[in-house]
Amino acid sequence: MATEAENRKSFAIQAGYCEAMDAPITARICTALGQGITRGSETGRRVLDWPGEPVADALVLRLVGGLHALHRRGVPELRRVFTGEETDIARIGATLDSVLSGYDFTLMPWLYGPPQTNEAGRSAGLMTGILHLAARYGPRFEVLEIGSSAGLNLMIGRYRFDLGGVTAGPVDSRVTIRPDWRGPPPPDAAVTIVSARGVDIAPLDLTDPRDAARLEAYCWVDAVERQARLAATITMLQAEPVALSRGDAADWVEARLAEPQPEGVTRVLMHSVVWQYLPEPTQRRITAAMETAGAAASQERPIGWVMMEPNRDLARHEVRVRGWPGTTPMEMVALTHAHGAWVEGCTPPFETRAYRMRD
């Protein structure tokens, strides 16, 4: 169990990440909460006595998401805070602590589970990894995603991508994902997403206005472009829902890998910003299942693994890829902004150390 001081420190840590990701208003809110939150509300007491690891549990983002939802609903006390008009940390802290007391019943449930920060921009990193696999095994992919949240990245085959001049996806897509590209581009290989299925322990149903509003609340107020893209992708998904199940990630992966695999299609497991939330036994089961499937893979029925997960030390995310058949360990092929604003291709030979959130 973390101490109160450690729980308060997690707000400063998150503020640093927000600053690094060009979100000054959200950074200021995090700083003010860390300094101004008191035990005057049940929410405040729960935060200060958080029983887990506050950074890994994304405690701060849970609370900020709830407060942003209140702002979007028009709670007047929050207007100047979330528009950035109020900049004094002490005043912001006092305002937010007062809101915690006034909206205790509404805010407490936001602490019960991890944030649903589903972001279509992360598909840029995931597609980068898929392009590396396409160069090895061919264009056709069956996508399996864990931690799908609302399923926005399950539409990876419906988006248009421009990744350093390498393009993929339908030219008539209503959403084009074009991150600021740095470094060498990914392989210029053809990609066709044959099918995409996902699982989440608590998926959001974007056909439900309440779930759509919850997802939008986790999109930081600073991110005007992201908010516009989120609105467009929600509309896309509502028009053509995705194959998204509720369940345990390890159970689901084991079941999907046991299914017959079509010839000429690479079956790829992908995930973004989810590994940290999985218990270690679940991580071990998924890793074992992938290694077993990989050992049985063939050039006609390849297996791939693409992850986009945070490196907390560098305040950026790593795109790592592994493919079977083959003996090459998982390789880091790119670094990326948490929400896909930029992607930096790595130069071979690629780093092959095992993924760790922190060194």
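Structure: see above.
Along each chain, residues carry numbers from 1 onward, in the same order as the chain's sequence is written. pLDDT decides what is reported in this predicted model: residues at 70 or higher carry local features, side-chain atom pairs at 80 or more are listed and counted, and totals for whole chains, interfaces and linings draw on all residues regardless. Side-chain measures were taken over the full set of non-hydrogen atoms in the model, leaving aside hydrogen atoms and water.

### Description of the environment of Trp 181
As for its placement among the helices and strands, Trp 181 is situated in strand β5 (residues 180-182). Only protein chains enter the accessibility calculation, which uses a 1.4 Å probe; a residue whose area is less than 20% of its type maximum is buried, one above 50% is exposed, and one in between is partly exposed. Taking relative accessible area as the criterion, Trp 181 reaches 15% and is therefore assigned buried. Ignoring anything within four residues of it in the chain, the contact list for Trp 181 reads Thr 128, Leu 163, Gly 164, Pro 186, Val 343 and Gly 345. There is a polar contact of 3.2 Å between the side chain of Trp 181 and the backbone oxygen of Gly 183. By the criterion applied in these results, polar contacts are pairs of N or O atoms within 3.5 Å in which, for protein atoms, one can donate a hydrogen and the other can accept it, and in which residues neighboring in sequence qualify only through two side-chain atoms. In terms of polar contacts, Trp 181 uses its side chain to reach the backbone carbonyl oxygen of Pro 184, at 3.1 Å. Only DSSP runs of H or I reaching four residues or more are called helices, and only runs of E reaching two or more are called strands; each is numbered from the N terminus. By definition, residues are in contact when any of their heavy atoms lie within 4.5 Å.

### Some details on the nonpolar core
One broad rule of soluble globular proteins: the nonpolar side chains tend to lie buried together. By nonpolar core is meant a set of buried Ala, Val, Leu, Ile, Met, Phe, Trp, Tyr and Cys residues that side-chain atoms within 4.5 Å join together. Counting residues in hydrophobic clusters, the biggest one holds 53 residues, and the most contacted among them are Met 127, Ile 130 and Tyr 159. Counting residues per element, this core draws most heavily on helix α8 (residues 123-137), which supplies 8 residues. Non-local contacts of Ile 130, meaning those with residues more than four positions away in its chain, are made with Phe 141, Val 143, Ile 156, Val 191, Ile 193 and Val 306. One finds Phe 11, Ala 27, Leu 61 and Val 75 within the second-largest nonpolar core, a separate group that totals 38 residues.

### Considerations on the packing of aromatic side chains
The criterion for an aromatic pair is that two Phe, Tyr or Trp rings (for Trp, the six-membered ring) have centres within 6.5 Å, with stacked assigned to planes under 30 degrees apart, edge-to-face to planes over 60 apart and tilted to the rest. Considering all chains together, one arrives at 3 aromatic pairs under this definition. The ring of Trp 110 has Arg 214 lying over it, and the distance from NZ or CZ to the ring centre is 4.3 Å. Geometrically, a lysine NZ or arginine CZ counts as sitting over a ring once it is within 6 Å of the ring centre and also within 35 degrees of the ring normal.

### Considerations on the environment of Met 307
In this fold, Met 307 is placed in strand β9 (residues 303-311). Look at Met 307 and you get buried, because its relative accessible area is 4%. With 32 residues separating them in the primary sequence, Met 307 and Trp 275 have C-alpha atoms 8.8 Å apart. Excluding residues that lie within four positions of it along the chain, Met 307 makes contacts with His 271, Glu 318, Val 319, Arg 320, Met 330 and Tyr 355.

### Quick word on the sheet that holds strand β2 (residues 160-163)
Two strands make a pair as long as DSSP finds a minimum of two bridges between them. With mixed pairing, the 3 strands of this open sheet are ordered in space as β3-β2-β4. Among the strands making up the open sheet, the edge pair consists of β3 (166-168) and β4 (176-177). Bridge analysis of β2 against β3 gives 3 bridges, and the strand direction is antiparallel. What sits directly across from Asp 162, in β3, is Thr 167.

### Points about the sheet that holds β9
Taken in spatial order, the 9 strands make up an open sheet running β5-β12-β11-β10-β9-β8-β1-β6-β7, and their pairing is mixed. Either end of the sheet is taken by a strand with one partner, and the two such strands are β5 and β7 (243-246). The mean inter-strand angle of the sheet, taken between neighbouring strand axes irrespective of direction, is 20°. Pairing of β5 with strand β12 (residues 342-345), which is carried by 3 bridges, proceeds in the parallel orientation. Structural elements are reduced to axes, namely lines fitted to C-alpha atoms, with helices fitted over the stretch in contact, and the angle between N-to-C directions of any two is expressed from 0 to 180 degrees.

### Regarding the environment of Val 265
Note on placement: Val 265 falls in the loop between α11 (249-257) and β8 (266-272). Considering only alpha carbons, one finds Val 265 and Ala 20, 245 residues apart in sequence, at a separation of 39 Å.

### With respect to helix α12 (residues 280-295)
Under the convention used throughout, the expected extent of a helix is 1.5 Å for every residue step, that is, one less than its residue count. Counted at 1.5 Å a residue, the expected span for α12 with its 16 residues is 22 Å, and the 22 Å between its end C-alpha atoms agrees. Taken together, the buried positions of α12 are occupied by Thr 282, Gln 283, Ile 286, Ala 289, Met 290, Ala 293 and Gly 294. Down the axis of α12, the smallest arc covering the buried residues is 135°, so these residues share one side. Seen from the open side of α12, the exposed residues pointing more than 90 degrees away from its buried face are Glu 280, Arg 284, Thr 292 and Ala 295. Each direction from the helix axis to a C-beta atom contributes to the arc, which is the arc of those directions.

### A short note on the pattern of salt bridges
Salt bridge criterion: a side-chain nitrogen from Lys or Arg within 4 Å of a carboxyl oxygen from Asp or Glu. In total, this model carries 27 salt bridges according to the counting rule given. In this structure, Glu 142 engages Arg 267 in a salt bridge whose closest nitrogen and oxygen atoms are separated by 3.0 Å. Taken together, the residues Glu 142 in strand β1 (residues 140-146) and Arg 267 in strand β8 connect sequence positions 125 residues apart. Here Glu 142 and Arg 267 have matching classes, each one buried. Here the salt bridges do not stand alone but share partners, grouping Arg 79, Arg 80, Glu 85, Glu 86 and Arg 91 into one network.

### A closer look at the packing of helix α1 (residues 4-20) against helix α2 (residues 24-36)
Taken N-terminus to C-terminus, the directions of α1 and α2 make an angle of 170°; their axes are 8 Å apart at the nearest point. Looking at the two axes, α1 sits roughly antiparallel to α2. Here Arg 8, Phe 11, Gln 14, Ala 15, Cys 18 and Glu 19 of α1 lie close against α2, whose contacting residues are Pro 24, Thr 26, Ala 27, Cys 30, Thr 31, Leu 33, Gly 34 and Gln 35. In this classification, the charged set is Asp, Glu, Lys and Arg, the nonpolar set is Ala, Val, Leu, Ile, Met, Phe, Trp, Tyr, Cys and Pro, and all remaining amino acids, among them Gly, are polar. Across the contact of α1 with α2, the residue classes tally to 7 nonpolar, 5 polar and 2 charged. Geometric relationships in this document are graded by angle, where less than 35 degrees denotes roughly parallel, more than 145 denotes roughly antiparallel, 65 to 115 denotes roughly perpendicular, and other angles denote oblique.

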